[in-house]
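A closer look at the structure
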Amino acid sequence: MNIQWYPGHMTKARRAMKEDIKYIDLIIELVDARAPLSSRNPDIDEMGKGKARLILLNKADLADEAGNAAWTSYFEEKGFQVMSIDARQKAGFKQIHPIIRTACQEKIERDRRRGILNRPIRAMVVGIPNVGKSTFINSLAGKAAAKTGNKPGVTKGNQWIRLNKQVELLDTPGILWPKFEDQSVGLKLAFLGSIHDEILNKDEIAAGLCAHLTKFYPGLLAERYGCEEDAGVLKLLEQIAVRRSCLRKGGGYDTSRAAGFLLDDFRGGKLGRITLEFPPVTTPEGETNGCDQDA
Ligand code: G4P
């Protein structure tokens, strides 16, 4: 199976982002805490050179706690400000403003030396589709946020939102990148629902998820659907079909519906907290991806 999804509107959005990034102090990058490397757009590091950076591990409530801690340390070691969040829970956002200021300390100092006081921090919010950007912005900005319209030089269409006197956010559309060099990345993004389901073969994606779960979370499918985990992935989908009464009219099992149930259960956290990949291990020789949990 070859997974690629890069529709035309993403090419346009990428171009706009490249243009707008010039006017930005800080990039707030939302990644999915269940697969933080696979859900990072590799273009952002290149486009965002020299900008302050904040990584939000969103949907942290759906990921393994140990995974969240490991990824926080991983990104901190790389020099990013990092925070785990559940974008739906405003209550957990108290730390966001201090962390934004910490990330932008250099800019604040630079402004102060030039006698510029209280110029708002301009932050661009980026992330792949379905990572929770709208939820995050709505929670952070609330109803009171003033939409400030376009600024000179900034591409028409991207929305500025004034959080308060100190911070303005620029919302951007969720984009992917032209080619997944590593197909396990495409597969994980398909599990997460960041690739349009219509272009995917759900049975194959669900089979990939079954393979991942039986390998790294043994017992989970048995507990949830009464599966016999050593039966092989195709049989597992049949067993889920039986459990969820997915029978075809003319007889036999409707494994596609079962695949849909499995993916929905995973995406909605009904299978428990699951992390799809762990940080690469640093050895004296450099980084290895020995801990990457491929499906
Ligand atoms: P996007 O703008 O990046 O495309 O994502 P969006 O905010 O639309 O969020 C996609 C889905 O993820 C939504 O669910 C949203 O509720 C959910 N979500 C966002 N952040 C979190 C989080 O931190 N934790 C959990 N558990 N879920 C999160 P939906 O089912 O598509 O819509 P809805 O019915 O919940 O609104």
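The present account deals with the structure reproduced in this document.

Around the ligand, the surrounding shell holds 14 residues, and the nearest of these are D61, A87, K133, S134 and T135. Between the ligand and the protein, one listed contact pairs an oxygen atom with a backbone N or O atom of K133 at 2.8 Å. With the chains in place, 58% of the 710 Å² that the ligand exposes on its own is no longer accessible. The leading source of residues in the shell around the ligand is helix 6 (residues 133-141), at 3 residues. Taken together, the residues of the shell around the ligand break down into 4 nonpolar, 5 polar and 5 charged.

Note on backbone geometry: most residues besides glycine have negative phi, and most peptide bonds are trans. A positive phi angle, near 60°, is found at K59, a position not held by glycine. By the element assignment, K59 lies in the loop between strand 2 (52-58) and helix 3 (65-77). Given the relative accessible area of 18%, K59 is considered buried. The phi torsion at N130 lies on the positive side, around 70°, for a residue other than glycine.

This paragraph deals with the pairing of strand 3 (residues 81-84). Remember that side chains alternate between the two faces of the sheet whenever the strand is regular. Strand direction decides the pairing type here: strand 2 and strand 3, joined by 4 bridges, are parallel. Within strand 3, the position partnered with L57 by the bridge is S84. Following the chain from strand 2 across helix 3 to the adjacent parallel strand 3, one finds a crossover that is right-handed.

With 7 of its 7 residues buried, strand 2 lies for the most part within the structure. Residues A52, L54, L56 and N58 point to one face of strand 2 and R53, I55 and L57 to the other, with burial holding for every one of them. Bridging between strand 1 (residues 26-32) and strand 2 involves 7 bridges; their strand directions are parallel. Across the sheet, D32 pairs through a bridge with N58, a residue of strand 2.

Where side chains of opposite charge bring their charged atoms close, a pairing between them can arise. Per the counting criterion, the structure on display carries 24 salt bridges. A salt bridge links D43 to R14; the shortest N-O distance between them is 2.7 Å. Of this pair, D43 sits in helix 2 (residues 43-47) while R14 sits in helix 1 (residues 8-20), and the two are 29 residues apart along the sequence. Looking at R14, the relative accessible area reads 26%, which means it is partly exposed. One salt bridge connects D265 with R244, and the closest N-O pair in it is separated by 3.1 Å. Separated by 21 residues along the polypeptide, D265 in helix 11 (residues 255-267) and R244 in the loop between helix 10 (233-243) and helix 11 bring together distant segments of the chain. For D265, a relative accessible area of 3% gives the class buried. Among the charged side chains, a salt-bridge network with shared partners connects D25, K107, D111 and R119.

Okay, the nonpolar core next. L26, I28, F136 and L169 are the most contacted members of the largest nonpolar core, which totals 79 residues. In this structure I28 touches L54, L56, I100, A123, M124, V125, V126, F136 and L169, once residues within four positions along its chain are discounted. Counting residues in each nonpolar core, the second largest holds 11 residues, with A33, L57, F75 and F80 among its members.

This paragraph deals with the side chain of S38. For S38, the location among the structural elements is in the loop between strand 1 and helix 2. Among the residues examined, S38 registers a relative accessible area of 3% and is labelled buried. Reaching out from S38, the side chain makes a polar contact with the side chain of E277 at a distance of 2.6 Å.

Our next topic: the side chain of N68. Note that N68 resides in helix 3. Setting aside residues no more than four positions away along its own chain, N68 makes contact with A33, L57, A60, A63, S84 and R273.

For the rest of this paragraph, the subject is empty space enclosed by the protein. Under the criterion given, the structure shown has 1 cavity of 30 Å³ or more. If you trace the largest cavity, you find 13 residues lining it, with N41, I44, V126, G127 and I128 closest to the centre. A total of 3 residues in the lining of the largest cavity trace back to one element, the largest contributor, which is strand 1. Here the lining of the largest cavity is composed, by residue class, of 8 nonpolar, 4 polar and 1 charged.

Criteria and thresholds
Residues numbered from 1 in each chain as written. Predicted model: local features only at pLDDT ≥ 70, side-chain atom pairs only at ≥ 80, totals over all residues. Heavy atoms only, no water. Near = heavy atom within 4 Å. Polar contact = N/O pair within 3.5 Å; in protein donor to acceptor, adjacent residues only side chain to side chain. Areas by Shrake-Rupley, 256 points an atom, 1.4 Å probe, with all protein chains shown as cover. Helix = DSSP H or I, 4+ residues; strand = E, 2+ residues; numbered from the N terminus. Nonpolar A, V, L, I, M, F, W, Y, C, P; charged D, E, K, R; others polar. Buried < 20%, exposed > 50% of the residue type's maximum accessible area, 1.4 Å probe, protein only. Pairing = 2+ DSSP bridges. Right-handed = clockwise from strand over helix to strand, strands pointing away. Salt bridge = Lys/Arg side-chain N within 4 Å of Asp/Glu carboxyl O. Core = buried A, V, L, I, M, F, W, Y, C linked by side-chain atoms within 4.5 Å. Contact = heavy atoms within 4.5 Å. 1 Å grid on protein atoms, 1.4 Å probe; cavity = no way out; pocket = protein on both sides within 12 Å on 5 of 7 lines; lining within 4 Å. Points joined across faces, edges and corners; volume = space filled by probe spheres on them.

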